[in-house]
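What the coordinates show
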Amino acid sequence: LGMAAAAWAALCAANALTLAALGVRAPVLQVSAVLVLATFAGTFSGLGGIGVTEAALIALYTRIGVDTGTAAAGALLHRTAYYLVILGWGGIAFLRGPRAAEQDSGTLSD
C-alpha cells in the first residue's frame, strides 16, 4: 500500500513538474485532484483510457486556470513521456524476463 501511495504521489508530482516546466505554477493538490478525476474518466469510459484521459486532463487543467494550449501541451508531454518509460522498461523486462529466470534457476518451466 505504501509503494502504491508513493507511486501515485510521484505521478502527481511529475504532472505538476511538467506544468511547471511549461511556466505554470499549479498547486500539487489541485494537479492531484485533476489527475484523479481524469484517471477515473479514462478508466470508466470503456475506451481503454488513452485519449479520454488526456482530453479530461486538458479540460480539467483549464478549470484550475491553465490556458488551453498549455494544458494540452502539459497533458500530452507528460503522457508521452509516461508511456515511453513504461514501454522502454516493459520491453526490457519482456525481452529479459522468462529467459533470464530460466537461466538463473537452471530449469525450464512451462
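Notes on the structure in this doc start here. (Residues numbered from 1 in each chain as written. Predicted model: local features only at pLDDT ≥ 70, side-chain atom pairs only at ≥ 80, totals over all residues. Heavy atoms only, no water.)

Along the polypeptide, threonine 53 turns up in helix 3 (residues 52-63). By relative accessible area, which is 4% here, threonine 53 ends up buried. (Helix = DSSP H or I, 4+ residues; strand = E, 2+ residues; numbered from the N terminus. Buried < 20%, exposed > 50% of the residue type's maximum accessible area, 1.4 Å probe, protein only.)

A few words now on the packing of aromatic side chains. The tally for this structure, following the rule as stated, stands at two aromatic pairs. Ring geometry for phenylalanine 40 and phenylalanine 44: centres 5.7 Å apart, planes at 15°, overall stacked. Of this pair, phenylalanine 40 and phenylalanine 44 are both found in helix 2 (residues 28-44), four residues apart, which corresponds to roughly one turn of the helix. (Phe/Tyr/Trp six-rings, centres within 6.5 Å; stacked < 30°, edge-to-face > 60°.)

Counting residues in hydrophobic clusters, the biggest one holds 17 residues, and the most contacted among them are Leu19, Val31, Leu57 and Tyr61. Elements with a contribution of two residues or more to this core: helix 1 (2-21), helix 2, helix 3 and helix 4 (68-105). Contacts of leucine 19, omitting those with residues within four sequence positions, involve Val24, Ala26, Val31, Tyr61, Thr70 and Gly74. (Core = buried A, V, L, I, M, F, W, Y, C linked by side-chain atoms within 4.5 Å. Contact = heavy atoms within 4.5 Å.)

The next subject is the environment of asparagine 15. Residue position: asparagine 15 is located in helix 1. Given a relative accessible area of 3%, asparagine 15 falls into the buried group. The spacing of asparagine 15 and valine 31 is 16 residues in sequence and 7.0 Å in space, taken between C-alpha atoms.

With that out of the way, let us pick up the pattern of salt bridges. Tallied over the entire structure, the rule returns one salt bridge. A salt bridge links glutamate 54 to arginine 79; its shortest N-O distance comes to 2.8 Å. Of this pair, glutamate 54 sits in helix 3 while arginine 79 sits in helix 4, placing them 25 residues apart in sequence. Here glutamate 54 falls in the buried class, since its relative accessible area comes to 9%. The class of arginine 79 is buried, set by a relative accessible area of 12%. (Salt bridge = Lys/Arg side-chain N within 4 Å of Asp/Glu carboxyl O.)

Right, let's get into helix 1. Its 20 residues give helix 1 an end-to-end C-alpha distance of 28 Å, which sits within 8% of 28 Å, the value for a rise of 1.5 Å per residue. Looking at helix 1, one finds that the buried residues are Leu11, Cys12, Asn15, Ala16, Thr18 and Leu19. Each buried residue of helix 1 lies within a common arc of 155° when the element is viewed along its axis, so the set occupies one face. Seen from the buried face of helix 1, the exposed residues on the opposite side, beyond 90 degrees, are Gly2, Met3, Leu17 and Ala21. (Expected span 1.5 Å × (residues − 1). Arc of directions from axis to C-beta.)

Moving on: a nonpolar patch on the surface. On the surface, Trp8, Val36, Phe40 and Phe44 cluster together to form a nonpolar patch covering roughly 410 Å² of accessible area. Of all the elements, helix 2 adds the most residues to the nonpolar patch, at three residues. Secondary-structure assignment places valine 36 in helix 2. A residue is classified by how much of its surface remains accessible, and valine 36, at 31% relative accessible area, is partly exposed. (Patch = residues over 30% accessible without salt bridge, like charges linked within 9 Å, V, L, I, M, F, W, Y side chains within 5 Å. Areas by Shrake-Rupley, 256 points an atom, 1.4 Å probe, with all protein chains shown as cover.)

Note that every value here comes from positions in space, so none of it alone points to a role or purpose.
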